[in-house]
Amino acid sequence: MKNFRLKVFCDFDGTITRNDVWLNSLARFMEDKEAFNKICNDFNERKLNTRECNTELMKLVRNFDFEKFNEYLDGEEIDITFDGFVKFCREHNHEIRILSGGLDYYIEYILKRENIEVDFFSCRMGWDEESDRPECIFVHTDEYCSNCETCKRNLLVNNQNDFDDEISVYIGDGVSDFCVSGYADIVFAKGKLASHCWKNNITYFEYKNFDDVKNKLLKLMTAGKIRQRQEAKIRRRNVFMGG
């Protein structure tokens with residue numbers, strides 16, 4: 001049995017946090033609720049991709065105030081088992097990164113509040129002087145694909161070395177996790193992601209919290225069942241080859 005090393009990648013909104021921070025806190029500054037609901041419905045019906053959805057939602061923001069936003073963020077709870085999971089990863093020398101289509105401002109704010117240090121990749125929160133409101137800047141996109149606000153697939157592939165016996169683990173819950181789930185060796189899914197994996201024959205483990213993820217990984221490690229998923233490995237190779 002090879003001595004595989006785990007590379008753990010984790011979604012933020014609705015996975016680490018109990019709510020989707022974007023829709024729960026930032027949305028409080030979106031005054032046109034009819035337009036807000038239409039954009040969300042169009043997104044859920046796949047009429048809008050995630051990048052289009054984020055862009056259109058930001059246009060609805062009015063009278064944004066950082067102090068008020070921080071108050072909203074203080075009310076955002078995280079999964080209480082996440083900190084223990086991060087420590088578990090560190091103890092076993094498993095790298096862990098957050099991949100998010102959300103905004104760096106609130107991710108950094110919440111992690112700092114919880115005294116949790118984890119590297120993350122996300123959109124950047126900028127400021128549009130002309131419209132006098134925050135804007136979403138897409139800094140981790142794929143030049144050939146306009147669907148995702150953050151290309152989690154590329155971030156996973158670029159941070160995993162198949163020739164160095166590394167195994168990717170992905171943990172998520174939503175639509176923005178659909179694409180990347182096909183490229184990870186081990187997938188933990190709940191919510192819409194679990195439904196997507198089931199419909200598309202992607203092997204996954206259901207979870208409720210990060211203790212479930214930790215315990216399952218420990219069982220797989222003990223049983224010697226940590227290995228690269230062949231289909232995912234082929235897909236990662238195709239990305240490198242430009243396929």
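Scroll up for the structure.
Residues numbered from 1 in each chain as written. Predicted model: local features only at pLDDT ≥ 70, side-chain atom pairs only at ≥ 80, totals over all residues. Heavy atoms only, no water.

Focus: the overall build of the protein chain
Move 1: Scanning the protein chain for helices and strands turns up eleven helices and seven strands.
Move 2: Against the compact-globule benchmark of 18 Å for 243 residues, the protein chain has a radius of gyration of 18 Å, which places it among compact chains.
Move 3: Burial analysis of the protein chain (243 residues in total) assigns 51% to the buried set.
Move 4: Summarising the internal contacts of the protein chain: among those between residues at least 6 apart in sequence, 65% fall at separations of at least 24. (Helix = DSSP H or I, 4+ residues; strand = E, 2+ residues; numbered from the N terminus. Rg over C-alpha atoms; globule rule 2.2 N^0.38 Å. Buried < 20%, exposed > 50% of the residue type's maximum accessible area, 1.4 Å probe, protein only. Contact = heavy atoms within 4.5 Å.)

Some thoughts on the pattern of salt bridges
Move 1: Counted under the stated rule, the structure contains 20 salt bridges.
Move 2: A salt bridge links Lys 7 to Glu 166, with the shortest nitrogen-to-oxygen separation between them at 3.1 Å. Here the residue Lys 7 occupies a position in strand 1 (residues 5-10), and Glu 166 occupies one in strand 5 (residues 166-172), the gap between them amounting to 159 residues. Here Lys 7 and Glu 166 have matching classes, each one buried. (Salt bridge = Lys/Arg side-chain N within 4 Å of Asp/Glu carboxyl O.)

A short note on helix 10 (residues 210-222)
Move 1: Across its 13 residues, helix 10 extends 18 Å between first and last C-alpha, which sits within 8% of the 18 Å expected from 1.5 Å per residue.
Move 2: As for helix 10, its buried residues are in contact with strand 1, helix 5 (82-91), strand 5, strand 6 (186-189) and strand 7 (205-206).
Move 3: Within two residues after helix 10, Gly 224 carries a phi angle of roughly 70°, on the positive side. (Expected span 1.5 Å × (residues − 1).)

A short note on the sheet that holds strand 1
Move 1: Read from one edge of the open sheet, seven strands run 4-3-2-1-5-6-7, paired in mixed fashion. Of all strands in the sheet, those with a lone pairing partner are strand 4 (133-137) and strand 7, marking the two edges.
Move 2: Of the strands in this sheet, strand 5 and strand 6 touch helix 9 (residues 191-199), which is tilted by about 130° from strand 6.
Move 3: Seen against the sheet, helix 10 touches strand 1, strand 5, strand 6 and strand 7 and runs at an angle of roughly 150° to strand 6. (Pairing = 2+ DSSP bridges. Axes fitted to C-alpha atoms, helices over the stretch in contact; angles between N-to-C directions.)

Overview of the packing of aromatic side chains
A ring pair, where both rings are aromatic, is described by two values, the distance of the centres and the angle of the planes.
Move 1: Under the criterion given, the structure shown has 15 aromatic pairs.
Move 2: For the ring pair Phe 12 and Tyr 106, a centre distance of 6.3 Å and an interplane angle of 35° mean the geometry is tilted. Linking Phe 12 in the loop between strand 1 and helix 1 (21-24) with Tyr 106 in helix 6 (residues 104-113), this pair joins segments that are 94 residues apart in sequence. An identical accessibility class is assigned to Phe 12 and Tyr 106; each is buried.
Move 3: Ring centres 5.0 Å apart and planes at 90° place the aromatic pair Phe 64 and Phe 66 in the edge-to-face group.
Move 4: According to the relative accessible area criterion, Phe 64 is buried, its value standing at 11%.
Move 5: Of the aromatic side chains, those joined through ring pairs into one cluster are Phe 29, Phe 64, Phe 66, Phe 69, Tyr 72, Tyr 105, Tyr 109 and Trp 127.
Move 6: The ring centre of Phe 36 lies 5.7 Å from the NZ or CZ of Lys 33, which sits over that ring.
Move 7: The ring centre of Phe 138 lies 5.7 Å from the NZ or CZ of Arg 51, which sits over that ring. (Phe/Tyr/Trp six-rings, centres within 6.5 Å; stacked < 30°, edge-to-face > 60°. Lys NZ or Arg CZ within 6 Å of the ring centre and 35° of its normal.)

A short note on the nonpolar core
Move 1: By size, the foremost hydrophobic cluster in this structure holds 72 residues, and its most contacted members are Phe 85 and Ile 171.
Move 2: Looking at this core element by element, the count peaks at five residues for helix 5.
Move 3: With residues near it in sequence (within four places) discarded, Phe 85 still touches Val 8, Ile 96, Ile 171, Phe 210, Val 213, Lys 214 and Leu 217. (Core = buried A, V, L, I, M, F, W, Y, C linked by side-chain atoms within 4.5 Å.)

As for the state of the cysteines
Move 1: All told, the structure shown has zero disulfides when counted by the stated rule.
Move 2: With no disulfide of its own, Cys 145 lies 5.7 Å from the sulfur of Cys 148, the closest cysteine sulfur.
Move 3: By relative accessible area, Cys 145 is classed as partly exposed at 31%.
Move 4: A disulfide-free cysteine, Cys 197 has its sulfur positioned 12 Å from the sulfur of Cys 179, the nearest such atom.
Move 5: Assessed through its relative accessible area of 0%, Cys 197 is described here as buried. (Disulfide = S-S within 2.5 Å.)

Re the packing of helix 2 (residues 33-44) against helix 3 (residues 50-58)
Move 1: Packing of helix 2 against helix 3 brings their axes to within 10 Å, and their N-to-C directions diverge by 175°. By the angle class used here, helix 2 and helix 3 are roughly antiparallel. Note on element contacts: helix 3 touches helix 2 through Thr 50, Cys 53, Glu 56 and Leu 57, opposite Phe 36, Ile 39 and Phe 43.
Move 2: Among the residues making up the contact of helix 2 with helix 3, the classes are represented as five nonpolar, one polar and one charged. (Parallel < 35°, antiparallel > 145°, perpendicular 65-115°, else oblique. Nonpolar A, V, L, I, M, F, W, Y, C, P; charged D, E, K, R; others polar.)

Brief notes about the environment of Ser 100
Move 1: Examined against the element boundaries, Ser 100 turns out to sit in strand 2 (residues 95-103).
Move 2: Sequence separation of Ser 100 and Lys 87 is 13 residues, and the distance between their C-alpha atoms is 21 Å.
Move 3: Ignoring anything within four residues of it in the chain, the contact list for Ser 100 reads Phe 12, Asp 13, Ile 107, Phe 121, Ser 122, Cys 123, Thr 150 and Lys 152.

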